[in-house]
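Summary of structural features
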Amino acid sequence: MSSDVVLHQWTVSPFCGKVRRMLEAKNIAYRVKNYNGILTTIAPRLSDAGKLPVLDINGKRIADSRVIADYLEVEFNHVSLVPEDAAQRASMNIYQDWADESLYWYNFYFRLNYDEAWEKTVDFFSEGRPAREKLLVRHLGRFQYKRQLVAQGIGRYSKAQVEERFLFLLGQLNETLKDKQWLVGDRMSLADIAVASQLHEVKRTSHLVSTMESFPDVWRWLALNKERGQ
Ligand SMILES: N[C@@H](CCC(=O)N[C@@H](CS)C(=O)NCC(=O)O)C(=O)O
């Protein structure tokens, strides 16, 4: 059906990871176009909201992981990521919103406010680009994004406060996943993909990875939500 599916992305964007997982779950072949280094400045021109992911598929350009999810669910329904049951679907939507609008900011905080995590992030954002562009990403990128964190609110809290809140939430997620394979119903849904995509990014760059391992049900479930490529 789709001959050339292109995901415009940053490897370490949790929303781009979410789209990669959806495409993989539905066995849709795709390639990626990365916007690293100075190419970051082009990314805002790809959609009205100026954010990534953006997906080119079947001659259409679709922006926003939720809009992409809706499109894929209709056009590629051989594998469904949305429960048929209305109550389960409602839970799935609430999980997705929690992941996209709350968890996202924790990951962002852990990347921007910790030097080691930021260096790892900069390496990903500089991949395939001339070395001089790394300086730009390291300094200008951090300055610009830290302002977003403060404006959102989470950036005004101490590291200890944010870590404590995040670990509390991981504990709650661990409770939720006890004796369960998936967050909603008995198969993988967008709820798993959305939440896991955020947590996999925390795992990728944050020092909290070793603490995350001590939540056994979250850790087991995260392994089920790995992705194949990037
Ligand atoms: N609601 C959007 C959020 C996408 C988003 O926030 N993407 C981030 C990357 S993780 C972005 O493009 N940030 C650039 C900016 O805010 O200027 C979605 O689900 O796709």
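Keep in mind that this is a model prediction, so the values were computed, not measured.

Conventions adopted
Residues numbered from 1 in each chain as written. Predicted model: local features only at pLDDT ≥ 70, side-chain atom pairs only at ≥ 80, totals over all residues. Heavy atoms only, no water. Helix = DSSP H or I, 4+ residues; strand = E, 2+ residues; numbered from the N terminus. Buried < 20%, exposed > 50% of the residue type's maximum accessible area, 1.4 Å probe, protein only. Pairing = 2+ DSSP bridges. Near = heavy atom within 4 Å. Polar contact = N/O pair within 3.5 Å; in protein donor to acceptor, adjacent residues only side chain to side chain. Areas by Shrake-Rupley, 256 points an atom, 1.4 Å probe, with all protein chains shown as cover. Nonpolar A, V, L, I, M, F, W, Y, C, P; charged D, E, K, R; others polar. Domains from an automatic or database assignment. Contact = heavy atoms within 4.5 Å. Buried area = accessible area lost by both parts, 1.4 Å probe. Salt bridge = Lys/Arg side-chain N within 4 Å of Asp/Glu carboxyl O. Axes fitted to C-alpha atoms, helices over the stretch in contact; angles between N-to-C directions. Parallel < 35°, antiparallel > 145°, perpendicular 65-115°, else oblique. Left-handed = near helix turned anticlockwise from the far one by under 90°. Patch = residues over 30% accessible without salt bridge, like charges linked within 9 Å, V, L, I, M, F, W, Y side chains within 5 Å. Core = buried A, V, L, I, M, F, W, Y, C linked by side-chain atoms within 4.5 Å.

Another aspect to go through is unusual backbone geometry. In this structure, Pro53 follows Leu52 across a cis peptide bond, with omega equal to 15 degrees. In the Ramachandran plot, Asp64 falls in the positive-phi region, its phi being about 90 degrees despite a non-glycine side chain. Among the secondary structure elements, Asp64 is positioned in the loop between β4 (60–63) and α2 (65–75). The class for Asp64 is partly exposed, based on a relative accessible area of 41%.

Moving on, we come to the pairing of β4. Bridging between strand β3 (residues 54–57) and β4 involves 4 bridges; their strand directions are antiparallel. Within β4, the residue paired with Val54 across the bridge is Ala63. Hairpin connection from β3 to β4: 2 residues lie between these consecutive antiparallel strands, with Asn58 at a positive phi of about 50 degrees.

Around the ligand sit Trp10, Ser13, Pro14, Phe15, Lys51, Leu52, Pro53, Asp64, Ser65, Tyr104 and Gln148, and those are all the residues in its vicinity. At 3.1 Å from a nitrogen atom of the ligand is found a side-chain nitrogen or oxygen belonging to Asp64. Protein chains bury 84% of the 520 Å² of accessible surface belonging to the ligand in isolation. Of the residues in the shell around the ligand, the class split is 6 nonpolar, 3 polar and 2 charged.

Here the focus is the domain arrangement of the protein. Under the domain assignment used here, the protein contains domain 1 (6–75) and domain 2 (86–224). The C-alpha-based centres of domain 1 and domain 2 are spaced at 18 Å. Contacts between the two partners involve 20 residues from domain 1, matched on the other side by 26 residues from domain 2. In this assembly, domain 1 packs against domain 2 so that about 1,900 Å² is buried in total across both faces, 62% of it on carbon and sulfur atoms. Connecting domain 1 to domain 2 are 4 salt bridges. The residue Asp97 makes a salt bridge to Arg66 at a minimum N-O spacing of 3.1 Å. Across the domain 1-domain 2 interface, the total number found is 13 residue pairs in polar contact (both at pLDDT 80 or more). Listing elements by their share of the side of domain 1 that touches domain 2, those giving two or more residues are α1 (14–25) and α2. For the side of domain 1 that touches domain 2, the leading source of residues is α1, giving 8 residues. When grouped by side-chain class, the residues that make up the side of domain 1 that touches domain 2 number 9 nonpolar, 7 polar and 4 charged.

Following both chains from N to C, one finds helix α3 (residues 86–112) and helix α5 (residues 132–152) inclined at 135 degrees, their axes separated by 10 Å at the closest point. Between α3 and α5, the crossing angle belongs to the class labelled oblique. With respect to the hand of their crossing, α3 and α5 are arranged in left-handed fashion. Where α3 abuts α5, its residues Trp105, Phe108, Tyr109 and Leu112 lie against Arg142, Tyr145, Lys146, Gln148, Leu149 and Gln152.

Attention now moves to a nonpolar patch on the surface. A surface patch of nonpolar side chains, amounting to about 250 Å² of accessible area, comprises Ile38, Leu136 and Leu140. By the element assignment, Leu136 lies in helix α5.

Moving on, we get to the nonpolar core. Among the nonpolar cores identified, the biggest contains 67 residues, and Leu72, Leu199 and Trp221 are the most heavily contacted of them. Per-domain counts for this core show at least three residues from each of domain 1 (6–75) and domain 2 (86–224). Those residues within four positions of Leu199 in sequence are excluded, and the remaining contacts are Leu103, Phe166, Leu170, Leu173, Met212, Val218, Trp221 and Leu222.

Okay, the sheet that holds β3 next. The strand order across the open sheet formed by 4 strands is β2-β1-β3-β4, and the pairing between neighbours is mixed. Pairing within the sheet leaves two strands with one partner each, and these edge strands are β2 (31–34) and β4. With strand direction ignored, the average angle separating the axes of adjacent strands in the sheet is 20 degrees. Direction of pairing for strand β1 (residues 6–9) relative to β2: parallel, over a ladder of 4 bridges. By the bridge assignment for β2, Leu7 is matched with Val32. Seen against the sheet, α1 touches β1 and β3 and runs at an angle of roughly 160 degrees to β1. With respect to the sheet, α2 is in contact with β3 and β4, its orientation differing from that of β4 by roughly 130 degrees.

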